[in-house]
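Fold and geometry: a report
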2 protein chains.
Amino acid sequence: MSSPLTLAPWLSRYDRRDFPRDLLAGLTVAVMLVPQGMAYAMLAGMPPVTGLYASTLPLVAYAVMGSSRALAVGPVAIVSLLTFAGISALAEPGGADFLALAGILALMVGGLQLGLGLLRGGVLVAFLSHAVVSGFTSAAALVIALSQLHHLLGFPLVAKEPVPILLEVFRRLGEVQPWTLLLGMAALLLLLTGRRWLPRLPMPLVVVVLGTLSVALLGLEQAGVRIVGAVPAGLPRPALPHAPAEAVWALFPTALTIAFIGFLESIAVARSLAARDGERVDADRELLGLGLSNLVAGVLSAFPVTGGFSRSAVNHQAGARSGLASVVTALLVMLTLLALTPLFYHLPQAILAALVVAAVIGLVDLREPFRLWRVRRADALSLGITFLATFFLGVEPGILVGIGFSLAIFLWRSAFPHVAIMGRLADSEASGACGVWRNVLRHPQARVHPRLVVLRPDASLYFANATWLRDVVERALAARQGVAGLVIDLSAVNDVDAVALESLEELMHELGLQGLEVHLAGMKGPVGDVAARAGWRERHAERAFHLTLDRAVAAAEAALARREATGRA
Amino acid sequence: MSSPLTLAPWLSRYDRRDFPRDLLAGLTVAVMLVPQGMAYAMLAGMPPVTGLYASTLPLVAYAVMGSSRALAVGPVAIVSLLTFAGISALAEPGGADFLALAGILALMVGGLQLGLGLLRGGVLVAFLSHAVVSGFTSAAALVIALSQLHHLLGFPLVAKEPVPILLEVFRRLGEVQPWTLLLGMAALLLLLTGRRWLPRLPMPLVVVVLGTLSVALLGLEQAGVRIVGAVPAGLPRPALPHAPAEAVWALFPTALTIAFIGFLESIAVARSLAARDGERVDADRELLGLGLSNLVAGVLSAFPVTGGFSRSAVNHQAGARSGLASVVTALLVMLTLLALTPLFYHLPQAILAALVVAAVIGLVDLREPFRLWRVRRADALSLGITFLATFFLGVEPGILVGIGFSLAIFLWRSAFPHVAIMGRLADSEASGACGVWRNVLRHPQARVHPRLVVLRPDASLYFANATWLRDVVERALAARQGVAGLVIDLSAVNDVDAVALESLEELMHELGLQGLEVHLAGMKGPVGDVAARAGWRERHAERAFHLTLDRAVAAAEAALARREATGRA
């Protein structure tokens, strides 16, 4: 990986002919980011202006430290939801404590991501199955949409959980605020369908302008439409947030979740964009970039950020060549903070809610569960359970249940794996190749050996399937008459631990006592190393290390022949 | 498995010529069990007599329901320690609440074991690695020995944890009660070495008799030697124990731990004994036997029991032919309760402590950690971490940490597995076999293909190593010049999940776009099924399903030849 110490790697080899494209991309993203930033701030339970704070220097920080050229960092829906879920349990949304905790949360997330990056911890996200992420994302998107419902309906809700929210809405439909609903629905319609017939227009900006104008001109504020109101002008002043230690501890699980989920979303986007350019991204370098970015967000009284999908795609499409595009975006947002905040006074909250809903609706993936169900049901189950846990138990328990369940499935399948009874294909059938053995259940033409049982356990052997192997072998031997020996094909055994190896040796010993010839074939290098350290080269040199099944079978036959010769003599 | 409904399977086909041997075995075990029962009761924080209660009908219950012929059920050191550790947090040892909770705990353990047995849950113990069990047992043995120290020294200790106990003992060595220490040491000496020069004598009985006599005759009681005192005569009266619901809930983790650890110890003993007789035990049947046994213990105001190693060995050695031996043992213990309890009045507690220490000292396994370290360090690490966690954090956290760590190691190795770059052995070298490909690092004579990279990932493919595979392939392709294609040997891929399969297909697609010929060989049946359900038979019929590497390579060469032909044309 490029050393974490080379800052802004793109800067040294910057080609100034790229500047116009970086400029255009930065501008395009800024136009999208200003409204989205305020909207996601609202989703996170923060004042809209903090969403703009989060869209300034944090972007520069990533540009300096990160490795992806087109990744657009900033407030993102799911991270904002996690932020809200984590902090709202400790403080009143919008209150001073809430803001302080949001800053602290960003600092914790940044610290965790930096630490993970320095420790090469990026690999850990491998344990987040795509099935789990898909279920989590779909459920989180629905939770987010429901959380915005009251902004669209125009009356505050008591309920906080998805189901109660729906019930309360049905109960209080009468209280719907018509102008608010109208604005929200119109905005939603524009955002979801507008791209079709007006592809060149930046829809988020359009709905913000139209919404603000309609409120200002029609005086909808008096008609009860909630507006953003005064947005303080000026850049955020750097300051370290303060909060009681116990609150900080209580935030730790949330920080950990955001550090991983945020990184996962970001790295997925960065990878897919890099792939299109035939480039690669360095996971650990990404962690450093996001970590620094969150540390900066923390001291700017903002909230956690990450690389978002939609804006990054736009950034890439608009031709971003380097981190400079993000720097341009950040400068434009700062300009907005300095000069344009008065324009947002009449911006209706319903418009921001519509922006959020429009952004997350695309995250609900209805096809994936069915595809997984068709391919392998266990994976569809992981997705479904993660979805249900996230929707009904909450975002943090949801992701934990998902990870646990998906790993449990893998462990279960490894502990009780498939085993094949092998037969040999006639060399002619194997067309060209010879000495080809196959599972007799799948290749009926494969002939089993008359006096030897040939088994192929299809799993790495470890403590959890050591007993299983004994049972399988004993059953296989009991199932046939006149068996004089056993050959175990280890070609599918990729790894073995000391426990399983000892249990295998015991088995060989016991079968030997029963007068059976036991031979092992196709042992792989790593397995052979473990066996060698356990002294097998001395104890089982002539039985355990046959290169091929043919040779193991030949050896067993020879040994049987010798026995019978001595028996007759 | 023999249906759980056929009770006392040994009874129907009982051969009365076996009776003398069952009688002798039953007697021998009873002589051992009476003192041990009282000793383990003391260890569990229970009055000694309850150890005798636990040694009556619970044994009969197992004989009726269990499947092992020689397993001797009853109080056992580690289960007694778990009982003490679990309940002493909720009630004062020896008090009425403590007794009630012990009964409830036995009922819970029995219920859990019965449930597991009916649900065929016996397989779950597979996830307890032998390395973990070894580390846990050694640490628990030390904790038990330390818990008995104050009985041997003759003064009560304030400290409860291992390390504080040691410190307090060193601080208060002056308060040692000489007669008590003398009795204890003498008993320990007899128990540990006596078998050598007096193999025929039942040492536990001997030390109990000698200890009791010396106290009675020398009046050591006045000299400060603590004695068992009045042991109530008569059989236990069946009764349902009562306790507040929250206490019951608090006991659940302990019940779960005992249900598993007790079963694990028991099944291990039963299996090793059955193996010597060329028999097999049914794990689920054993669970039913132990479960019923614990339910009975619960209503006899006793505490959890299981099949113990030492007494079972003695039972088997003495020639036990059937469960009748256990019935005999139970009857003799009842006889003791009815007639002999007055004899235990002067029995010194130091003798019971010596019995416990002598029993557990053999459980400390010093060789295993070194053996594992030699064979595979990760397993030695599991053992060591389990040992430390059990010794310093306590028995229940210890076993949890051990299970988690051992599974984490397996997951980690599966997520970042070994991959081999393959070369072909000349048919002559492969002596007889042909088409033999091997890891070039281990078989330098194996020749790599001039234009194709041949890789063999040694792992089941699942979500956690999907990204790893992409990286490995990309690195392997980048490492060589003039590569025109890739052949992946799937013979080591035992299982695949939908996530990894999709990622593999993406990889094939991207490499195809880069103009590389990608072929897969040796796909196993179960993997092929998943691929087929994902539509690979339609999309990749001619690339993904080659039977052997030779054929995959031939196909790739042919495709390359065709390309060049068309290229030239």
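The preceding data block contains the structure.
To start, this report covers the structure provided alongside it. Please read these numbers as outputs of a predicted model, since none were measured by experiment.

Observations concerning the environment of A:Arg533
Tracing the sequence through the fold places A:Arg533 in helix α22 (residues 525–533). Taking the C-alpha atoms as reference points, A:Arg533 and A:Ala498, 35 residues apart in sequence, are found 9.7 Å from one another. Ignoring sequence-local partners within four residues, the contact set of A:Arg533 consists of B:Arg374, B:Val375 and B:Arg376.

Details of unusual backbone geometry
Excluding glycine, a negative phi dihedral is what most residues carry, and trans is how most peptide bonds are arranged. Positive phi values are uncommon outside glycine, yet A:Ser301 reaches one of about 45°. Relative to the helices and strands, A:Ser301 resides in the loop between α13 (283–299) and β2 (306–307).

Concerning helix α10 (residues 178–197) of chain B
Residue and element names in this part refer to chain B. Across its 20 residues, α10 extends 27 Å between first and last C-alpha, which sits within 8% of the 28 Å expected from 1.5 Å per residue. The largest bend along α10 measures about 40° and falls at leucine 191. Regarding α10, the residues found buried are Thr180, Leu183, Gly184, Ala187, Leu188, Leu190, Leu191, Thr193 and Gly194. Residues of α10 that are buried make contact with α8 (149–153), α11 (203–218) and α16 (349–361).

Digging into the sheet that holds strand β5 (residues 452–458) of chain B
Residues and elements named next belong to chain B. With respect to topology, five strands assemble into an open sheet ordered β4-β3-β5-β6-β7, the strand pairing being mixed. The open sheet is flanked by β4 (437–439) and β7 (517–521), the only strands paired with a single partner. This sheet shows a mean twist of 30° between the axes of neighbouring strands, independent of strand direction. Taken together, the four bridges between strand β3 (residues 418–424) and β5 define a ladder with antiparallel strand orientation. By the bridge assignment for β5, isoleucine 421 is matched with leucine 455. The strands touched by helix α21 (residues 498–513) are β6 (485–489) and β7; relative to β7, the strand with the most contacts, the crossing angle is about 145°. Seen against the sheet, helix α25 (residues 549–568) touches β3, β4, β5, β6 and β7 and runs at an angle of roughly 160° to β7.

Here we look at the relation of the copies chain B and chain A
Superposing chain B onto chain A takes a rotation of 180° combined with a translation of 0.0 Å along the rotation axis, leaving an RMSD of 0.1 Å. The symmetry that links the two subunits is that of a two-fold axis. Taking C-alpha positions as reference, the residue of chain B nearest the rotation axis is B:Ala492, located at 2.4 Å. When the interface residues of chain B are mapped onto chain A, 100% of them again fall at the interface, so both copies present the same face.

Regarding the pattern of salt bridges
The tally for this structure, following the rule as stated, stands at 36 salt bridges over all chains. Of the charged contacts in the structure, one is a salt bridge between A:Arg456 and A:Asp458, with a shortest N-O distance of 2.6 Å. You can call A:Arg456 buried: its relative accessible area is 8%. Judged by its relative accessible area of 3%, A:Asp458 is buried. Residue A:Asp529 pairs with B:Arg442 through a salt bridge whose shortest N-O separation is 2.8 Å. With one member in each of two chains, A:Asp529 in helix α22 and B:Arg442 in the loop between β4 and β5 form a pair that bridges those chains. On the basis of relative accessibility, which here comes to 30%, the residue A:Asp529 falls in the partly exposed class. Overall, the relative accessible area of 37% leaves B:Arg442 in the partly exposed class. Bridged by salt links that share partners, the residues A:Arg376, A:Asp379, A:Arg413 and B:Asp495 form one connected network.

Thresholds, definitions, all that
- Residues numbered from 1 in each chain as written.
- Chains lettered and ligands numbered in written order.
- Predicted model: local features only at pLDDT ≥ 70, side-chain atom pairs only at ≥ 80, totals over all residues.
- Heavy atoms only, no water.
- Helix = DSSP H or I, 4+ residues; strand = E, 2+ residues; numbered from the N terminus.
- Contact = heavy atoms within 4.5 Å.
- Expected span 1.5 Å × (residues − 1).
- Bend = angle between axes of the 7 residues up to and from the residue.
- Buried < 20%, exposed > 50% of the residue type's maximum accessible area, 1.4 Å probe, protein only.
- Pairing = 2+ DSSP bridges.
- Axes fitted to C-alpha atoms, helices over the stretch in contact; angles between N-to-C directions.
- Least-squares fit on C-alpha atoms with pLDDT ≥ 70 in both.
- Salt bridge = Lys/Arg side-chain N within 4 Å of Asp/Glu carboxyl O.

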